[in-house]
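Results of the structural survey
What follows is the residue order along each chain.
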Amino acid sequence: MKKIQFLLGVLALAFISSCSSDTAEIDTEYPVIDITGANAFPIQCSTIERGQTFTFKATFTDNVALGSYSLDIHHNFDHHTHSTEVASCYMEAVKKPVKPMLFINNYTIPDGLKSYEATAQITIPADVDPGDYHFMIRLTDKEGWQTLKGLSIKIL
Amino acid sequence: MKNALSIYWKYYFLLLSLLVSSEVFTQNQPSEKKPEIKELDEVLVNGNSAEKRKKEESLNVETVNNSFIQRNLGGSLMQSLQKLPGVKTISIGSGGSKPLIRGLSFNQVIVVENGLKHEGQQWGADHGLEIDQYAVNRVEIIKGPSSFIYGSDAVGGAINIKPLPLPSQNTFGGSVDLTGKSNNAQFGSSINLFGRNENWFFDSRVTTMDYGDYRVPTDVVHVYSYAVQLYKNHLRNTAGKELDFHLSTGYSGEHFKSVFYFSNVHTKSGFFANAHGLEPRNVDLELHDKSNRDILMPYQQVNHLKVSNTTSFQFRNHAFETQIGFQNNFRREYSHYVNHGYMPAIYPEDMYAPQDLERQYDKDVWSFSAKDEFRIQNHQITVGSNLAFQQNEIGGWSFLIPAFTQFNAGLFAYDKIELNEKWFLNGAVRYDYGKIKMKSHYDWFQSPVSENNQTHLEYLQRSEDLTKTFDSFTWSIGANYNPGKLSLKANLGSSFRMPIAKELASNGVNYHYFRFEKGNPNLNAERSYQLDLGMEWNQQNWSFQLTPFVNYFPNFIYLNPTSAHDIYYGAGNQVFEYEQSKIFRYGAELQTRYYFLNSLSVEIGAEYLYSEQKSGSKKGYTLPFSPPPSVLLGLNYEPQISFLKEPYFSFDYRFTAQQNNIVPPEKKTAESHVFNLAFGSKVKTGKQDISINIQIQNLFNTRYLNHTSFYRLIELPEAGRNIIVSMKIPFSVSR
C-alpha cells in the first residue's frame, strides 16, 4: 500500500509542477493582409498592362511581429484555382497557355514590426500571354502563422 | 435524381436484408438444437481473458470485441472505437480515419493485425488506416508507450487487432453483415464463411462498401473567405467504395498450430472537390452535382495486401511462435495537373507519370519474428526477436518524400512475475537497430537559380543519397495490485521511434498546405518516458476507472512552421522545418458506470490531455492535433423482453470543450454538443441469434467542427444526422 501512496504522490507532484509552469501568453493570431486602403494594388479584379512596371502595395499587420512575405503571379487560363475573395471577376474563356507569365519572389520585413507598408516593383514582360491570372500574397508572422490571399487579376 | 437514388438504396437494403434473413430462417429450422458454434465461444473467452489481461498487465489496456464495434459502428474502424476515452481519430471524410491515442498519431501509433505490424503511409494526415472493420473480432488498445513489445513507432500506443478465434471442430458456417447509412447513402455488406474438421480449418470474408458524398448541416462552407455553395448539403466528391478479401486457413493440433493469413483491402475515395488541401478550387458544378455517388478528381486509391504465416508449437514448457509476413501498400493520389511554382504550364507529353497522377507510393515489407514463452517458477518469461525490411518507391508529378529502403531488427525479453494472487510485477528490456537508406531525386522541371546576379535554369536536387543508422535500448517496469474489488497499476517505461524518410529527407512543396517541407538529416531517434497509473473499482452495481499519465520527450520530432519563405526549393512558399524539442504531456481518462436498477445504468467517459513544447522555436505551444477535453454521458436501458436477447437502448451526449491551445497553422475550435441514440437486440431464431443494431448519430443534426479532422483547416463541418442500421445474420450449414 505504501508503494501506491508513493506513486500517487509522484503523480500529484508531477501534476502540480506542470500546472504551475510558466503560463507565458502564446501568440495564436494570424497576420493580416489589408488591401482595402486607397493605395492598395492590385486588388480583386485589377488589370495590369503588359510591358509595364507596377507597384504592389498592401498593409500588413500582426499582433506581435511580422515575419516575411512572398508574391506569386501565375496563369489561371484553365479556371482551376480560385481566388480567396468573395467577389468574382469576369473571366475569359478557358484557353491553353503559350507563354504564360510566372513570377515568384520572396521579401523580408524588418524585424519586430507590428505594421508594415509593403511595396514591391514588378515588371510584366511585353511578350507574355494576356488573360486571367492569379496574384497570390503569402504573409507570415514571426511565430509562423501564415495568411494567404489569392486575387484574380487580368493582364491586358 | 439524388432523392431517387437514396430511396433506391434504402429499399435495396431493406429488401436484401429481408431476403437474406428469410433464407437463414429456412436454413436453420430443420437442424437440431446444437450449441452455438463460433459466437458463444468467443464471448466467453473474450470476457475472461480481457479481464485477466487487465489485471496482470501494468500498461493501460482496453479490449473491445466485435459487438462493441457493431453497436458503435462508424465509417471506419477507428471511428467505431472513438467512444473509448483517450482514443480519437484524424478523419478524412466519411470512410477513412487514422488512430489518435492520447493526442499522438501518424508514425507514433502502431497498428498490429494478426501479429503483423501494419505498414501503410502513416505519415500523411489524409492517409486513412487500411483495415476492414468487419474482419475485426477483438481489438486491444494500449494507451501508452509499447516499444518494448513492438519496437520503433509504438511511442504513443498500439492498436492490436487480434487474430480471429478458430472455429470449433467439425463445423461449417458463416454470417452475413449488412449495414446501411442514411447520411452518405452507404450500403455495406460482409459475408463470412468458416469451417473446420478435426484439425484443418478456414475462415474467409468478403466485404464491400459503397457510399455517396456525405452531408453536412449547412449549404455553404467557407474555404478562406471564398464561399462554396453545397448542393443539397452534400460535400462534393466525398463518395467512395471499398472491396476487401480475407482468408485464414491452417492446421490446429494439440501441440502444433500453423495459420496462413491473406487479406487484400482496396479503397477508392474522393477528396472534397472545392479544395485541394488548402487551396480553393473552382469546379465544374454540373459535372460534380450530376451524381452524389461518382468519384471524380481529386481522389485517392489505395490497395493493401498482406500475406503471413504464424506457426506455434509446444515443446516441454516452452511455447514457440514464429511469424513470417509480406505486405504491399500501393497508394495513388489523382488530381488535375496544376502548374504550381516553376512547373511548366503545359504538362509534358513524354512525362514518366500520367498527367493526373499527383503522388504514388509503393511499399513492400518483408518481416520475420520469433518468440519463446516459458515459465520458471513464478516467472513467465518471453524472449524474442523481430526483423523487417521495407522498400519504398515513389511516383507521380509531385515530390514529397524520396524513395527509400529500411531495415529494422529488435531483440526483447520480458518477465511477468506472479508474486501472489494479488501482486504482479512486469519488466521488459529491448534493443533495436535500424537503418534507412534514401535515394537521390531530381525535379522533372527546371527552376531558375540565381548566382552572382546570373540566373540560369536547373533541375533542382530534392534529395540526396543518404544512409542513416539508429539504435536504441528501451525498458519498462510495472506493478499490479489487485486486492478484491480494487485494482491498481503503475508502469514506468521508455520507448523510441526512428525518424522516417519524410522527417529526414523531405524537400519539396506540399501543395495541399502551401508549405515547403524541409527534412533534417541530423535528427536523432525520438525517445519518450512515460509514467502510467491505473485505478479500477468493480462492484456489482458500480465500476470506476481512472488512468492518468505523465509523459516526457527529450527530443520530439516536430515540423516547425518558420516565418521564412523560400524562393528556390520552396517556390515562394512558407518554410516548415523538422526540428526536435522537449515535450511535456499529461492527461487522464475516466470511465465510470452506475446501475440504478439491473436494467438501467448511467455511464461517464471523460478525457483530458495537456501537451506543451518545453524548448525550441515553439516553446510554450502545444502539439498539432491535440484533442480538446471531452465528456461522454450515456444512459443505458437493458430490459428483459421475452422474445429478445440482450436488447438495449442507449442515449449518449458528448460534450467536447473548445480547443484554444493551438499551434500554427491550426485554428481555434469551438465547443460542441452532440447527441447519439442507439438501440438494438439479438433476435432468437432457432440456434443462431440475429443481431440488429440501430444508431442515430448526431441526432439533432448539429453543425460542429472537429479539431482533429483533416478538413478542419478549411472549416468543413462534421457529418450531419446519420441513421445507421446494421444486422448480423449468422448461419450454420452443417456440423
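Computed from a prediction, not measured in an experiment: that's the story for all the values here. (Residues numbered from 1 in each chain as written. Chains lettered and ligands numbered in written order. Predicted model: local features only at pLDDT ≥ 70, side-chain atom pairs only at ≥ 80, totals over all residues. Heavy atoms only, no water.)

With respect to the overall build of chain B
Of regular secondary structure, chain B possesses 7 helices and 37 strands. For chain B, whose C-alpha radius of gyration is 26 Å, the value lies close to the compact-globule estimate of 27 Å for 735 residues. Overall, the C-alpha framework of chain B stretches about 90 × 65 × 45 Å when taken along its three principal axes. For chain B, with 735 residues in total, the buried portion stands at 60%. The long-range fraction of contacts in chain B, counting pairs at least 24 apart against all pairs at least 6 apart in sequence, stands at 68%. (Helix = DSSP H or I, 4+ residues; strand = E, 2+ residues; numbered from the N terminus. Rg over C-alpha atoms; globule rule 2.2 N^0.38 Å. Buried < 20%, exposed > 50% of the residue type's maximum accessible area, 1.4 Å probe, protein only. Contact = heavy atoms within 4.5 Å.)

With respect to the environment of Val 725 of chain B
Checked against the element boundaries, Val 725 of chain B lands in strand β37 (residues 722-734). Overall, Val 725 of chain B belongs to the partly exposed group, its relative accessible area being 23%.

Let's talk about the nonpolar core
Counting residues in hydrophobic clusters, the biggest one holds 29 residues, and the most contacted among them are Phe 56, Phe 60, Tyr 69, Leu 71, Ile 122 and Phe 135 of chain A. Not counting residues within four places of it along the chain, the set of residues in contact with Phe 56 of chain A comprises Phe 41, Pro 42, Tyr 69, Leu 71, Ala 118, Thr 119, Ala 120, Ile 122, Phe 135 and Ile 137 of chain A. (Core = buried A, V, L, I, M, F, W, Y, C linked by side-chain atoms within 4.5 Å.)

Let's talk about the sheet that holds strand β7 (residues 131-141) of chain A
Residues and elements named next belong to chain A. Overall, mixed pairing links the 5 strands, which are arranged β2-β8-β7-β4-β5 in an open sheet. Where the open sheet ends on each side, the last strands, each with one partner, are β2 (47-48) and β5 (103-108). By the bridge criterion, 2 bridges tie β2 to strand β8 (residues 146-155) in an arrangement that is parallel. Bridge pairing links Thr 47 to Lys 154 in β8. (Pairing = 2+ DSSP bridges.)

Quick look at a nonpolar patch on the surface
Residues and elements named next belong to chain B. Residues Ile 324, Trp 366, Phe 368, Leu 387, Phe 389, Phe 407, Leu 411, Val 429, Tyr 431, Tyr 433 and Phe 473 make up a contiguous nonpolar surface patch of roughly 990 Å² in combined accessible area. Looking at the nonpolar patch, the elements with two or more residues in it are β19 (357-376), β20 (379-395), β21 (404-418) and β22 (423-438). Ranked by residue count, the leading element in the nonpolar patch is β22, at 3 residues. Tracing the backbone through its elements, the reader meets Tyr 433 in strand β22. (Patch = residues over 30% accessible without salt bridge, like charges linked within 9 Å, V, L, I, M, F, W, Y side chains within 5 Å. Areas by Shrake-Rupley, 256 points an atom, 1.4 Å probe, with all protein chains shown as cover. Salt bridge = Lys/Arg side-chain N within 4 Å of Asp/Glu carboxyl O.)

Some words on the interface of chain A and chain B
Residue-level contacts link 47 residues of chain A with 54 residues of chain B. Applying the counting rule to chain A against chain B returns 0 salt bridges. Counting the contacts that link chain A with chain B gives 17 residue pairs in polar contact (both at pLDDT 80 or more). The leading source of residues in the side of chain A that touches chain B is helix α1 (residues 2-19) of chain A, at 10 residues. The residue makeup of the side of chain A that touches chain B, split by class, is 21 nonpolar, 18 polar and 8 charged. (Polar contact = N/O pair within 3.5 Å; in protein donor to acceptor, adjacent residues only side chain to side chain. Nonpolar A, V, L, I, M, F, W, Y, C, P; charged D, E, K, R; others polar.)

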